[in-house]
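Each chain, written out:
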Amino acid sequence: MDTGLIPAPLVVEGVGSGRFALDADTVLWAAPGTDGTGRWLCSTLGAALGLPLRPGPQDAPRAVRLFLDGALGPEAYRLDVGDGGVEIRGGDAAGVFWGAQTLRQLLGPDAFRRAPVRPREAYEIEHVIIEDAPRFRWRGLMLDVSRHFMPKEGVLRYLDLLAAHKLNVFHFHLTDDQGWRVQIERYPKLTETGSWRARTKFGHRASPLWEEKPHGGFYTQDDIREIVAYAAERHIAVVPEIDIPGHSQAAIAAYPELGNTDVVDTASLTVWDNWGVSENVLAPTDDTLRFYEGVFEELLELFPADPGRFPEFSGFFHIGGDECPKGQWRKSAAAQARIRELGLADEDELQSWFIRHFDTWLSARGRRLIGWDEILEGGLAPGAAVSSWRGYQGGVTAARAGHDVVMCPEQHVYLDYRQAAGEDEPVPIAYVRTLEDVYRFEPVPPQLTEAEARHVLGTQANVWTEVMEDPARVDYQAFPRLAALAEVAWSRLPAPGERDFAGFERRMDAHYGRLDALGVAYRAPTGPRPWQRRPGVLGRPVEGAPPKV
Ligand code: ACM
């Protein structure tokens, strides 16, 4: 039976040729513990189909019934469509929710709209039994809202898009050289000064073009609370990232004393308007540590640990730790004195000292540090975890040292990288990563033993937004490849060389209809539409295949 489901479920069993019709008389019964999914079904599916889905008794003749079932594993579900209606059993509340997402896909593309497009009395679904469970617990997307700000409505929309693909981690890259995006009450200049820039490079940094208008925006603390609660209703964990000690120019522009004041005139720095890795990094002072502790204290309240919902990764806090140029520390007498005072060998150890400070600080508050794989270079507390981005090696090293790891190697799942060769790709960056390439990505490094591989929490795609000036450009880079990543993360696919990409493409035919109904500005298989091109805007294409990792 071809259900066209993405990500592909574990088992689909057709049961005869009957059909169930979801109509105005179909009621909803939600067992205790499943009411969140009940609310979602009523508000989302009910609105799309124009059906009331009223609460009704468990033994109503026509019902959608939601249960918890202790016999099923975490996030697993069983969906049974028969004469009496739809039954969704979940191993936990998340499993019920993923089952409801599957039901939505079975109902066809109209179920992905916000209102009915044509009057229909009933929506038919073939009788079927689906049994399903995820391969990985961490199935994520990192979105960079610093390089280009995505307003809150866009973030909420992305959370819905993640949920529709059974993705459950939103890694929220909130700060970088080009913008600070979260309100911190005790440091108002972080957003007054740090959240906007006067102009923006249009294209890769070699491009001569500028967008000569201010760009900016930030989330208030209530916006963040809303985003976190909206995500939690959809069983999505939000992992905030505050990048230190590099990628910090926006913070230094707001509070010049955070920078290396003895080697640069940090008071004249502005939020960066160009792309790349800024030389302006944090000064290794106690005041800098206290400043960021203050930032983190506010953020730990905004992003509370939620061990009931996310047992494997509740309370993670991402501190970046990537790409910290050491030039200013080499030149700075104050930084050199600090190195001697701390008994460190060099600037690399100073970077580790920064990270270890916050590792200890977060652990003391019951939280877990996660950072880009550079943080492995200085030794980490046992609970710390790593986002492996420079290839598989960070993941191998982390897992062998007993650290949990999220695999997101740039060679495979950086969705800012161009998705086809040729002049038509808008502002093409790096090497070509097609839909098929992402589909064939294997998150678990082959070198790992089974025991080591248990440290692989899962995988995520990363979307860096230097050349994505608005949500439609983000859509174009993210889709359809995020659908392939979702299948890699959720489905127990065969080995990369044996994957049925043709079958995936057939299911994508149905899935494009869902994405159309959702209003996703994806890259069509035929290439960019005229308005998705950016003729004359310079990218940085790299020829040939990505380096082997
Ligand atoms: C990164 O791409 N610098 C994590």
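All values reported here derive from a predicted model rather than from experimental measurement.

Caption draft 1: How the structure looks around the nonpolar core. Among the nonpolar cores identified, the biggest contains 157 residues, and Leu103, Phe172, Trp180, Leu190, Tyr219, Tyr292 and Phe296 are the most heavily contacted of them. Core analysis: the second largest hydrophobic core is formed by 11 residues, Trp138, Val169, Phe310 and Leu457 among them.

Caption draft 2: How the structure looks around the UniProt feature "active site" (unreviewed entry) in the protein chain. In this structure's numbering, the residues bearing the UniProt feature "active site" (unreviewed entry) are Glu323. Position of Glu323 among the secondary structure elements: in the loop between β16 (316–320) and α8 (327–331). Residue classification places Glu323 among the partly exposed residues on the basis of a relative accessible area of 30%. Not counting residues up to four positions away in its chain, the partners in contact with Glu323 are Gly246, His247, Val277, Glu374 and Trp389. Of the polar contacts made by the side chain of Glu323, one reaches the side chain of His247; its length is 2.9 Å.

Caption draft 3: Molecular detail of helix α17 (residues 501–518). Between its terminal C-alpha atoms α17 stretches 24 Å, which fits the 26 Å expected from 18 residues at 1.5 Å a residue. At Asp509, α17 shows its maximal bend, which comes to roughly 35°. Those residues of α17 that are buried lie in contact with α2 (93–106), α13 (435–439) and α16 (481–490). Just beyond α17, the residue with positive phi is Gly519, at close to 75°.

Caption draft 4: Focus on the side chain of Arg147. Tracing the chain through its elements places Arg147 in the loop between β7 (138–144) and α3 (152–164). A distance of 3.4 Å separates a polar atom in the side chain of Arg147 from a polar atom in the side chain of Asp176. Here Gln178 takes part through its side chain, which lies 2.7 Å from a polar atom of the side chain of Arg147. Excluding anything up to four places from it in sequence, Arg147 contacts His173, Asp176, Gln178, Arg197, His215, His247, Trp275, Gly276, Trp464, Thr465 and Glu466.

Caption draft 5: Spatial organisation of the packing of helix α1 (residues 35–49) against α2. Contact pair α1 / α2: the axes reach a minimum separation of 10 Å and the direction vectors enclose 20°. Here α2 runs roughly parallel to α1, going by the angle between their axes. As α1 packs across α2, the resulting crossing turns out to be right-handed. Listed contacts from α2 to Thr37, Trp40, Leu41, Thr44 and Leu45 of α1 are Ala93, Val96, Phe97, Ala100, Gln101, Leu103 and Arg104. Grouping the constituent residues of the contact of α1 with α2 by class yields eight nonpolar, three polar and one charged.

Caption draft 6: Just the sheet that holds β16, in detail. Taken in spatial order, the eight strands of this closed barrel run β7-β8-β15-β16-β17-β18-β19-β21, and their pairing is parallel. On average, each strand axis in the sheet is tilted by 25° relative to the strand beside it, whichever way the strands run. In terms of strand pairing, β16 meets strand β17 (residues 368–372) through three bridges, oriented parallel. Residue His318 lies in a different strand from β17, and its bridge partner there is Ile370.

Caption draft 7: Looking closely at the pairing of strand β15 (residues 237–244). Burial within β15 is extensive, with eight of its eight residues counted as buried. Burial along β15 is two-sided: Ala237, Val239, Glu241 and Asp243 facing one way and Val238, Pro240, Ile242 and Ile244 facing the other are all buried. Here strand β8 (residues 169–173) pairs with β15 via five bridges, running parallel. Counterpart to His173 in the pairing with β15 is Glu241. Taken together, the two bridges between β15 and β16 define a ladder with parallel strand orientation.

Caption draft 8: Focus on the sheet that holds strand β1 (residues 11–23). Strand order across the open sheet formed by six strands is β1-β6-β4-β5-β3-β2, with mixed pairing between neighbours. At either end of the open sheet lies a strand with only one pairing partner, and these are β1 and β2 (27–30). Taking each pair of neighbouring strands and ignoring which way they run, the sheet shows an average axis angle of 20°. Where strand β4 (residues 77–82) lies against strand β6 (residues 122–132), five bridges are found, and the strand directions are antiparallel. Each residue of the ladder has a partner; that of Tyr77, found in β6, is Asp132.

Caption draft 9: Structural view of the layout of surface pockets. Computed from the structure, the largest pocket encloses a volume of approximately 500 Å³. Along the walls of the largest pocket sit 20 residues, with Glu323, Asp416, Tyr417, Glu466 and Arg540 positioned nearest its centre. Empty space within the second largest pocket amounts to approximately 420 Å³. Those elements that provide at least two residues to the lining of the second largest pocket are α1, α2, α3 and α17.

Caption draft 10: Broad picture of the packing of aromatic side chains. The tally for this structure, following the rule as stated, stands at 32 aromatic pairs. Between Tyr414 and Trp464 the ring centres are 6.3 Å apart and the planes differ by 50°, which places this aromatic pair in the tilted class. Of this pair, Tyr414 sits in the loop between α12 (410–413) and β20 (429–430) while Trp464 is found in the loop between β21 (456–463) and α15 (471–478), placing the two residues 50 residues apart along the sequence. For the pair Tyr414 and Trp464, a shared accessibility class is recorded, and that class is buried. Taken together, a centroid distance of 4.3 Å and an interplanar angle of 25° make the contact between Tyr439 and Phe504 stacked. Taken together, the residues span a long stretch of sequence, with Tyr439 in helix α13 and Phe504 in helix α17 at a distance of 65 residues. According to the relative accessible area criterion, Phe504 is buried, its value standing at 0%. The positively charged end of Lys201 is found above the aromatic ring belonging to Trp210, 4.1 Å away from the centroid. Across from the ring centre of Tyr230, 3.6 Å away, lies the NZ or CZ of Arg234, which sits over that ring.

Caption draft 11: Structural view of empty space enclosed by the protein. Per the stated rule, a full pass over the model turns up one cavity of 30 Å³ or more. Taken as a whole, the largest cavity spans an internal volume of roughly 30 Å³. Lining the largest cavity are Asp416, Tyr417, Arg418, Glu425, Pro426, Val427, Pro428, Ile429, Tyr476 and Gln477. Partitioned by chemical class, the residues of the lining of the largest cavity number six nonpolar, one polar and three charged.

Caption draft 12: View of the side chain of Ser146. Inspection of the secondary structure assignment puts Ser146 in the loop between β7 and α3. For Ser146, the residues in contact, after removing those within four places along its chain, are His173, Thr175, Asp176, Gln178, Gly179, Arg181 and Arg197.

Caption draft 13: Highlighting unusual backbone geometry. Look at the link from Ile6 to Pro7: it is a cis peptide, with omega at 0°. Along the chain, Pro7 falls in the segment before β1. Cis geometry marks the peptide bond from Ile244 to Pro245; its omega dihedral reads -15°. Relative to the helices and strands, Pro245 is located in the loop between β15 and α6 (249–254). With a phi close to 60°, Ala430 is a non-glycine residue in the positive phi region. Within the secondary structure layout, Ala430 lies in strand β20.

The rules behind the values
Residues numbered from 1 in each chain as written. Predicted model: local features only at pLDDT ≥ 70, side-chain atom pairs only at ≥ 80, totals over all residues. Heavy atoms only, no water. Core = buried A, V, L, I, M, F, W, Y, C linked by side-chain atoms within 4.5 Å. Buried < 20%, exposed > 50% of the residue type's maximum accessible area, 1.4 Å probe, protein only. UniProt positions renumbered as here; feature names shortened; annotations may be inferred. Helix = DSSP H or I, 4+ residues; strand = E, 2+ residues; numbered from the N terminus. Contact = heavy atoms within 4.5 Å. Polar contact = N/O pair within 3.5 Å; in protein donor to acceptor, adjacent residues only side chain to side chain. Expected span 1.5 Å × (residues − 1). Bend = angle between axes of the 7 residues up to and from the residue. Axes fitted to C-alpha atoms, helices over the stretch in contact; angles between N-to-C directions. Parallel < 35°, antiparallel > 145°, perpendicular 65-115°, else oblique. Left-handed = near helix turned anticlockwise from the far one by under 90°. Nonpolar A, V, L, I, M, F, W, Y, C, P; charged D, E, K, R; others polar. Pairing = 2+ DSSP bridges. 1 Å grid on protein atoms, 1.4 Å probe; cavity = no way out; pocket = protein on both sides within 12 Å on 5 of 7 lines; lining within 4 Å. Points joined across faces, edges and corners; volume = space filled by probe spheres on them. Phe/Tyr/Trp six-rings, centres within 6.5 Å; stacked < 30°, edge-to-face > 60°. Lys NZ or Arg CZ within 6 Å of the ring centre and 35° of its normal.

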